[in-house]
Amino acid sequence: MLRRLTSGHVVWEIKEGACGSLSPDVVRKLFGWSQRRFYSKEAGGLILGFVDSGTNGLLAEELTVPGLGDQRSRTSFFRSERHQREAELWNMQTNGKGTQLGLWHTHPEANPTPSSTDLSDCERVLRNGKFDCNGILYLIVGTQTIGCWHAQSGRPLILLGHFKP
Ligand SMILES: [Zn+2]
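Residues numbered from 1 in each chain as written. Predicted model: local features only at pLDDT ≥ 70, side-chain atom pairs only at ≥ 80, totals over all residues. Heavy atoms only, no water.

1. Some points on the overall build of the protein
Here is step 1: Summing up its helical and strand segments, the protein has three helices and eleven strands in all.
Here is step 2: Reading the protein from its N end, one meets helices and strands in the order β-β-β-α-β-β-β-β-α-β-α-β-β-β.
Here is step 3: Within the span of the protein, comprising 165 residues, buried residues form 47% of the whole.
Here is step 4: Taking as baseline every contact in the protein between residues at least 6 positions apart, the subset at least 24 positions apart corresponds to 59%.
Here is step 5: Surface accessibility of the protein: about 8,800 Å² in total, with carbon and sulfur atoms responsible for 51%.
Here is step 6: Taken as two groups, the 19 positive and 16 negative side-chain charges of the protein have centres that lie 5 Å from each other. (Helix = DSSP H or I, 4+ residues; strand = E, 2+ residues; numbered from the N terminus. Buried < 20%, exposed > 50% of the residue type's maximum accessible area, 1.4 Å probe, protein only. Contact = heavy atoms within 4.5 Å. Areas by Shrake-Rupley, 256 points an atom, 1.4 Å probe, with all protein chains shown as cover. Lys, Arg positive; Asp, Glu negative; His and termini not counted. Charge placed at Lys NZ, Arg CZ, Asp CG, Glu CD.)

Here it is, written out as structure tokens:
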């Protein structure tokens, strides 16, 4: 379901047909926010990129990251409206092609899994957000691996897999 290519890209697909990739730059940035120190706070944001015209694949190329307006603790992250504004800016900068592909945040655990708060946040975003894609990517950065899920409104998350740096 999920593979790491020699190029550094992570590619994934599910049997229902959805597929996508994470650029090496996105993978590097995600691991950069990993909560490896006992005092590291949770981080998070939006996953930005493009929808491939031929396959509808989700091509993740950029992230929004913690900053002004966010509330961060050891075990929680509140995403402010700023992330949405940055996603709109990204859309303009890419001549209307760049779009929001999903959500990411960190957990202080080795191989992360979504909490019940995560699941309700994800469902809320799926119901209220406007996406150019059918289903979004949901990533949790742990201290050892990144867990990847595909999320669609009203359905349980589908685990794509965990991968190491
Ligand atoms: Zn979480």
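2. Quick word on the sheet that holds strand β1 (residues 2-4)
Here is step 1: Ordered by their spatial adjacency, nine strands build an open sheet running β1-β2-β3-β5-β4-β8-β9-β10-β11, and the pairing between neighbours is mixed. If you trace the sheet from one side to the other, it starts and ends with β1 and β11 (158-163), each paired once. Between one strand axis and the next, the sheet turns by 25° as a mean value, whatever way the strands run. (Pairing = 2+ DSSP bridges. Axes fitted to C-alpha atoms, helices over the stretch in contact; angles between N-to-C directions.)

3. Thoughts on the pattern of salt bridges
Here is step 1: Applying the stated criterion across every chain yields a total of eight salt bridges.
Here is step 2: Across the salt bridge formed by lysine 29 and glutamate 62, the nearest N and O atoms sit 2.9 Å from each other. Of this pair, lysine 29 sits in helix α1 (residues 24-32) while glutamate 62 sits in strand β5 (residues 58-63), and the two are 33 residues apart along the sequence.
Here is step 3: In the salt-bridge network here, residues are joined through shared partners; they are Asp25, Arg28, Lys29 and Glu62. (Salt bridge = Lys/Arg side-chain N within 4 Å of Asp/Glu carboxyl O.)

4. Some remarks on the environment of asparagine 91
Here is step 1: With respect to the helices, strands and loops of the structure, asparagine 91 is situated in helix α2 (residues 82-93).
Here is step 2: A relative accessible area of 28% places asparagine 91 in the partly exposed class.
Here is step 3: Residues in contact with asparagine 91, not counting those within four places in the same chain, are Gly96, Lys97 and Gly98.
Here is step 4: Among the polar contacts listed, one links the side chain of asparagine 91 to the backbone oxygen of glycine 98, at a separation of 2.8 Å. (Polar contact = N/O pair within 3.5 Å; in protein donor to acceptor, adjacent residues only side chain to side chain.)

5. Here's the deal with the packing of aromatic side chains
Here is step 1: Applying the stated criterion across every chain, the model contains four aromatic pairs.
Here is step 2: Here the aromatic rings of tryptophan 33 and tryptophan 104 are separated by 6.3 Å at their centres, their planes lie at 45°, and the arrangement is tilted. Residue tryptophan 33 is found in the loop between α1 and β4 (44-51), and its partner tryptophan 104 is found in strand β8 (residues 99-106); the two are separated by 71 residues along the sequence.
Here is step 3: For the pair phenylalanine 38 and tyrosine 39, a centre-to-centre distance of 5.1 Å together with 80° between the ring planes defines the contact as edge-to-face. (Phe/Tyr/Trp six-rings, centres within 6.5 Å; stacked < 30°, edge-to-face > 60°.)

6. Observations concerning the environment of aspartate 70
Here is step 1: Summarising the element assignment, aspartate 70 is placed in the loop between β5 and β6 (71-72).
Here is step 2: For aspartate 70, a relative accessible area of 13% puts it in the buried group.
Here is step 3: As for aspartate 70 and serine 34, which are separated by 36 residues in sequence, their C-alpha atoms are 17 Å apart.
Here is step 4: The residues touching aspartate 70, leaving out its near neighbours within four places in the chain, are Val65, Phe77, Phe78, Arg79, Ser80, Arg82 and His83.
Here is step 5: For aspartate 70, the side chain forms a polar contact with the side chain of histidine 83, separated by 3.0 Å.

7. Structural notes on unusual backbone geometry
Here is step 1: We note that asparagine 56 has phi near 60°; this positive angle belongs to a residue other than glycine.
Here is step 2: One can find asparagine 56 in the loop between β4 and β5.
Here is step 3: Of note in this structure, asparagine 95 is not a glycine but carries a positive phi near 55°.
Here is step 4: Relative to the helices and strands, asparagine 95 is located in the loop between α2 and β8.
Here is step 5: On the basis of relative accessibility, which here comes to 69%, the residue asparagine 95 falls in the exposed class.

These values are about where atoms sit, not about what they do.
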